[in-house]
Amino acid sequence: MPTEIVTTDDLREFKIELLKEIRQLFAVNRGQSSKKWLKSYEVRKLLGISPGTLQNLRVNGTLPFSKIGGVIFYDYEDIQKMMEENQQKNNFPFQCSR
């Protein structure tokens, strides 16, 4: 059985490659939930809203949902879409300076 010696340079190169791959994974998932379907408490926490506000979003059709056995689920992509559609733009044609 052949033996291979691992040097400190080999370990350093391995560390650099590993960190590069970890950074790429974080870049891909930055700001995204790892779950497709979120429960009400997760949506409230994500958006920083009250139970009543979440109910209003359901009732007026702003945020689609699915209900299974009394548990309400929200698609993460629908939440992102709602946020993008309701994004406010700055209407001032100039910048204020102090």
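Notes on the structure follow.

Analysis parameters
- Residues numbered from 1 in each chain as written.
- Predicted model: local features only at pLDDT ≥ 70, side-chain atom pairs only at ≥ 80, totals over all residues.
- Heavy atoms only, no water.
- Core = buried A, V, L, I, M, F, W, Y, C linked by side-chain atoms within 4.5 Å.
- Buried < 20%, exposed > 50% of the residue type's maximum accessible area, 1.4 Å probe, protein only.
- Helix = DSSP H or I, 4+ residues; strand = E, 2+ residues; numbered from the N terminus.
- Contact = heavy atoms within 4.5 Å.
- Arc of directions from axis to C-beta.

What to know about the nonpolar core
Item 1. Residues L38, V43, L54, L57, L63, I72, Y74, Y76, I79 and M82 constitute the largest nonpolar core, which totals ten residues.
Item 2. Listing elements by their share of this core, those giving two or more residues are α3 (51–59), β3 (71–75) and α4 (76–85).
Item 3. At three residues, α4 tops the list of elements feeding residues into this core.
Item 4. Discounting chain neighbours no more than four positions away, the residues touching L57 are I49, T62, L63 and M82.

Describing helix α2 (residues 40–47)
Item 1. All of the buried residues along α2 are S40, E42 and V43. Buried residues of α2, seen end-on, are gathered within an arc of 160° and therefore sit on one face of the element. Opposite the buried face of α2, at more than 90 degrees from it, the exposed residues are Y41 and K45.
Item 2. On its buried face, α2 sits against β1 (37–39), α3, β3 and α4.
Item 3. Just past α2, the residue G48 takes up positive phi, approximately 70°.

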